[in-house]
Amino acid sequence: MSPQTSGAAETREFQAETRQLLDLMIHSIYSNPDTFLREVISNSSDALDKLRLAALQDSSLGADTSDLHIELIPDAGARTLTIRDNGIGMSRDEVVDLIGTLARSGTGQMREALSAARAAQESGEVSEQATADLIGQFGIGFYSTFMVADTVTLVTRKAGESAGTRWTSSGEDTYTIEDAPDAPQGTSVILQLKPAGGDAALPDYAEEHTLRRVVRTYSDFIAWPIRMDVERPAPEPESTDGAGADGAGADDAAAEDAAPEAPGTVTETETLNSQKALWTRPRSEVTDEEYAEFYRHVSHAWDEPLETITLKAEGTFEYQALLFLPTQVPFDLFSPDTKRGVQLYVRRVFIMDDCEELVPPFLRFVKGIVDAQDLSLNVSREILQQDRQIRAIRKRLVKRVLQTIEQIRTDRPEEFRSFWANFGAVLKEGLIADVDAREQLLAVSTFASTRPAQAGAGNAGSGSDETPRDDERDDDEVGATIAEYVSRMADGQEEIYYLTGTSRAAVENSPHLEAFRARGVEVLILTDPVDEVWVDAVGEVDGKRLRSVAKGDVDLSGIGSEGEENKDEPDAAEFADLLTWLGEELSDEVKQVRLSHRLTESAACMVGDEFDMTPQLEAMYRASGMELPTSKRILELNPTHPLVERLREQYASDPSAPGLADTARLLSGAAVLAEGGTLSDPAAFAKLLVDRI
């Protein structure tokens, strides 16, 4: 943005993408214009929290905290609304950084989401409310003021500083920033309101009853008083006794005519919100709507909470907690810069916004507050990391959240399926990082498998002979826990089999599953990147080892039903010379060539040694910038496949026959592609394939 200075004022241009975002917000999110007041009041509440904490930590700040409050000042004649707080305020640099620009990580994604939401809304594919939800989700609440205002002015002065700052914009190409020497401590947001009604059916936000309704609906739980001056009819003046009954008649009538008019109205200051902290009230006294609004307040989101969790502990450590499981995925859930944690209060005094020490990374989607009774008000993040009370509270919160998730899985499977699709990959991170919570995490973690959704109870091979289509299975199958998988393992099976891959379709079509499918042995399908790591970290469950079907030598003898793969099996000695030659011919690509016990239909497949990385895990590490040595795979051949049999016969009759080496490379390349791998020289493989065809 390029500054243009005029006197004390400085005019700056919004960046192009910021202008696009403002245009999208102003013209496409009119479905719930009340959003702006909820967002600005929430910002003011945060500012008051921060000032009280700063004053407790720094006695030299010199800030007056005796009457912290939020004030609404409507002016119907001037068509303005001012939202004022006497909180922490902002410096000039903070105004430029926080208000003057949206140029931050995730901005492009935000713009795309808003564009897509507007298009979907216009086509009727999503509701208007779904579009409005994006305001809170992307943390751009201040800019929602442009939905209802032609011009927005912000006047602020940071506590402890002598000079204030004025910021003004019409939400178009530029904004103006200048000094405000007389600005009081705190922040005032002054809106030049758009006309009420019109095509957008805007409420009149200069009217008392509109502001009262919005505050009561969205911000009643705010801990600070939200005040507004209101006009009320003046009380009737007290009558004075006259001369008595005598001389009433005409004298009374004359006195009535001469009496002065009663004053019309008086101004009173009213507090619009109840200020009741929801976490201190019994759950029976709080409505679902109140919990939902509080969730939106602490999470800056606009979806409905999937579940509300209340917790009260007494005894050695006294604390109360109010936590929420979200319905929608935050846009920055997997961003390395995302803020996580819950709000921390001490005896109802706000301490910090994102207390990471209370919530582990694998529960970073959980929002809410914890109010502890026994911590110091001056507690720091460094102290929190070592505090045994915090560690005890964290352990209890993790246990309670996972218990709640398990209850949802048991009682509300449809809602759990959606929840797991959104947050399952995050929860599985805990299988690596939190050994104490691993048992509980395994109890709620569900996985797709090769077992048809219509199969009945019992061994994996039992049930209907008709396998449902992929789309039917995706719709119907909720997934199985490890315990459920173990309960229906095939006869003779002692290990938990799994296969990782980039997608369910890729895994289901993998040649590694052929022998397992033929014997009716169920295999877990793992497609999240984190699956590549947690299976090695966990190792075994209840004494049963987790075993990849794409690693090591697979021997299914005595497991499941006898399949066709064991009938008329050729003599391995007949292939010894071919295997030796192939190992030498393909030595640059593979470290061994051997016969397979896992193939029944395909000619060949690539496998790894017991402790080798999968190609997917190697790709993940390389994508993160880690240097890895080139590893070679093992090529397995199906001795009953016609192609392999002809290759053996041709080599036996003429080891120097032209074309043998090309056939070997085609076989190896096809095996790499079948497991979703990447060819070292795709162009050479394509040319070889075309030439042979």
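Scroll up for the structure.
Residues numbered from 1 in each chain as written. Predicted model: local features only at pLDDT ≥ 70, side-chain atom pairs only at ≥ 80, totals over all residues. Heavy atoms only, no water.

A.B. asks: Quick one: what's the story with the overall build of the chain, residue by residue and with numbers?
C.D. replies: The helix and strand inventory of the chain stands at 24 helices and 23 strands. The 693 residues of the chain split such that 48% are buried. By sequence separation, contacts in the chain at least 24 residues apart represent 74% of the contacts at least 6 residues apart. Accessible area for the chain stands at about 33,200 Å²; split by element, carbon and sulfur atoms hold 47% of it. (Helix = DSSP H or I, 4+ residues; strand = E, 2+ residues; numbered from the N terminus. Buried < 20%, exposed > 50% of the residue type's maximum accessible area, 1.4 Å probe, protein only. Contact = heavy atoms within 4.5 Å. Areas by Shrake-Rupley, 256 points an atom, 1.4 Å probe, with all protein chains shown as cover.)

A.B. asks: Can you break down unusual backbone geometry residue by residue, with the values?
C.D. replies: Of note, the phi angle at H300 is positive, near 55°, even though the residue is not glycine. Locating H300 in the fold gives a position in the loop between α9 (288-299) and β11 (307-313). Residue class for H300 comes out partly exposed when judged on its relative accessible area of 25%. Of note in the backbone geometry, D542 takes a positive phi value of approximately 50° without being a glycine. Within the fold, D542 resides in the loop between β19 (540-541) and β20 (544-548).

A.B. asks: Quick rundown of helix α19 (residues 531-538)? Include the residues and the values.
C.D. replies: Regarding α19, the residues found buried are D531, E532, W534, V535 and V538. Positioned one or two residues after α19, G539 has a phi angle of 80°, which is positive.

A.B. asks: Could you give an account of the environment of R166, naming the residues involved and the relevant values?
C.D. replies: Checked against the element boundaries, R166 lands in strand β6 (residues 164-169). R166 sits 74 residues away from R92 along the chain, and the two C-alpha atoms are 8.5 Å apart.

A.B. asks: Give me α9: which residues, what numbers.
C.D. replies: Between its first and last C-alpha, α9 extends 16 Å over 12 residues, near the 16 Å set by a 1.5 Å rise per residue. Of all 12 residues that make up α9, 9 are buried, and the element is covered over most of its length. All buried positions along α9 are accounted for by Y291, A292, E293, F294, Y295, R296, H297, V298 and S299. Elements that come into contact with the buried residues of α9 comprise α2 (35-57), α7 (208-218), β11, β12 (319-325), β13 (342-346) and β15 (367-372). Directly beyond the C-terminal end of α9, a positive phi value near 55° is found at H300. (Expected span 1.5 Å × (residues − 1).)

A.B. asks: An account of the sheet that holds β11 is needed here, citing residue identities and associated values.
C.D. replies: Ordered by their spatial adjacency, 5 strands build an open sheet running β11-β12-β15-β13-β14, and the pairing between neighbours is mixed. With one partner strand each, in any of the chains shown, β11 and β14 (349-355) form the two edges of the open sheet. Here the average twist between neighbouring strands, direction ignored, is 15°. In this structure, β12 lies alongside β15, joined through 6 bridges in antiparallel fashion. Bridge pairing in β15 places L323 opposite G368. (Pairing = 2+ DSSP bridges. Axes fitted to C-alpha atoms, helices over the stretch in contact; angles between N-to-C directions.)

A.B. asks: Outline the environment of R92, supporting the account with residue identities and numerical values.
C.D. replies: Residue position: R92 is located in helix α3 (residues 92-98). In this structure, the C-alpha to C-alpha distance between R92 and E178, residues 86 residues apart in sequence, is 8.6 Å. Non-local contacts of R92, meaning those with residues more than four positions away in its chain, are made with E10, T165, I177, E178 and D179.

A.B. asks: Tell me what's going on with the pairing of strand β3 (residues 70-75), and back it up with residues and numbers.
C.D. replies: In this sheet, strand β4 (residues 80-85) lies alongside β3 in antiparallel orientation, the contact comprising 6 bridges. Note that in β4 the partner of E71 across the bridge is R84. In textbook terms, the turn of a hairpin is the stretch between consecutive antiparallel strands, and for β3 and β4 this stretch comprises 4 residues, one of which, R79, has a positive phi near 55°. Looking at chain direction, β3 and strand β9 (residues 226-233) are connected through 3 bridges and run parallel. Paired with L72 across the two strands is M228, which belongs to β9.

A.B. asks: How would you summarise the nonpolar core if you had to cite specific residues and measurements?
C.D. replies: One recurring pattern in soluble globular proteins: nonpolar side chains tend to sit buried together. If you look at the biggest cluster of nonpolar residues, it comprises 76 residues, and the most contacted ones within it are L358, F365 and L427. Ranked by residues supplied to this core, first place goes to helix α11 (residues 388-411) with 8 residues. Ignoring sequence-local partners within four residues, the contact set of L427 consists of F362, L363, F365, L402, I405, F419, W420 and L441. Listed in part, the 64 residues of the second largest apolar core include L68, F146, M147 and I226. (Core = buried A, V, L, I, M, F, W, Y, C linked by side-chain atoms within 4.5 Å.)

A.B. asks: Explain the packing of aromatic side chains to me, using residue names and the numbers behind them.
C.D. replies: Enumeration over the complete set of coordinates arrives at 21 aromatic pairs. Pairing Y295 with F324 gives two aromatic rings, centres 5.5 Å apart and planes at 55°, and the pair type is tilted. Highlighted residues: Y295 in helix α9 and F324 in strand β12, separated in sequence by 29 residues. For Y295, a relative accessible area of 2% translates into the label buried. Clustering of aromatic rings is evident, with ring pairs tying together F221, W279, Y291, F294, Y295, F324, Y345 and F350. The ring of F575 has R648 sitting right over it, with the charged end atom 5.5 Å from the ring centre. (Phe/Tyr/Trp six-rings, centres within 6.5 Å; stacked < 30°, edge-to-face > 60°. Lys NZ or Arg CZ within 6 Å of the ring centre and 35° of its normal.)

Just distances and angles here, no functional claims.
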